[in-house]
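# Chains, contacts and geometry: an overview
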Amino acid sequence: MAEIMEAHSLTGKKCKSCGFEATDPVVSCTNCGSEDVEAKTFSGKGKVYTYTVVHVGFGHLAPKAPYVLAVIELEEGAKTMSIIEGEYQGKPVTESIAIDMPVRFDRTETSTGFIFKPA
């Protein structure tokens, strides 16, 4: 089972030069290249921007298949990659996923990354 790093905070950085925001891991601004970034905690609320249902995972993700791999657009405007787990309207998320579906951050798994659930 994947180790959980931070149970309830979605962290990232905000560039002090141009204002661009991104979820961790961030070393420098991916928009302007500035290394002058500051810590930021996001609300964890967002919507599905795009997704795919992975039916054949590899490595440590193989046991999770099928699973939803998605790009989440956070309410602050930043986008992040995530796995979505759970159910939506009584169906597994692998069968009910849709563009613009509201989601919320659930946890971070060390070897997997961000995990979101339908809101």
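Here, the structure is the one placed above.
Right, let's walk through the structure included here. (Residues numbered from 1 in each chain as written. Predicted model: local features only at pLDDT ≥ 70, side-chain atom pairs only at ≥ 80, totals over all residues. Heavy atoms only, no water.)

### A look at empty space enclosed by the protein
Rolled over the atoms, a probe sized like a water molecule indicates the empty space that remains. Evaluated as defined, the whole model comprises one cavity of 30 Å³ or more. Estimated volume of the largest cavity: approximately 40 Å³. Forming the walls of the largest cavity are K13, K14, C15, F20, A22, V26, S28, C29, T30 and V37. Counting residues per element, the lining of the largest cavity draws most heavily on strand 1 (residues 10–15), which supplies three residues. Among the residues forming the lining of the largest cavity, the class breakdown is six nonpolar, two polar and two charged. (1 Å grid on protein atoms, 1.4 Å probe; cavity = no way out; pocket = protein on both sides within 12 Å on 5 of 7 lines; lining within 4 Å. Points joined across faces, edges and corners; volume = space filled by probe spheres on them. Helix = DSSP H or I, 4+ residues; strand = E, 2+ residues; numbered from the N terminus. Nonpolar A, V, L, I, M, F, W, Y, C, P; charged D, E, K, R; others polar.)

### What to know about the sheet that holds strand 5 (residues 67–74)
Within the closed barrel, the five strands sit side by side as 4-5-6-10-9. Their pairing is mixed. Pairwise comparison of adjacent strand axes, ignoring direction, gives a mean angle of 45° for this sheet. One ladder, built from two bridges, connects strand 6 (residues 79–84) with strand 10 (residues 113–118); its direction is parallel. Counterpart to I83 in the pairing with strand 10 is I115. (Pairing = 2+ DSSP bridges. Axes fitted to C-alpha atoms, helices over the stretch in contact; angles between N-to-C directions.)

### Section: the sheet that holds strand 3 (residues 37–42)
If you trace the three strands from one edge of the open sheet to the other, you get 2-1-3, paired in antiparallel fashion. Edge positions in the open sheet fall to strand 2 (21–23) and strand 3, since each of these has one partner strand only. Strand-to-strand twist across the sheet, computed as the mean angle between neighbouring axes with direction ignored, equals 35°. As paired elements, strand 1 and strand 3 share six bridges and run antiparallel to each other. Within the sheet, the bridge partner assigned to C15 lies in strand 3 and is V37.

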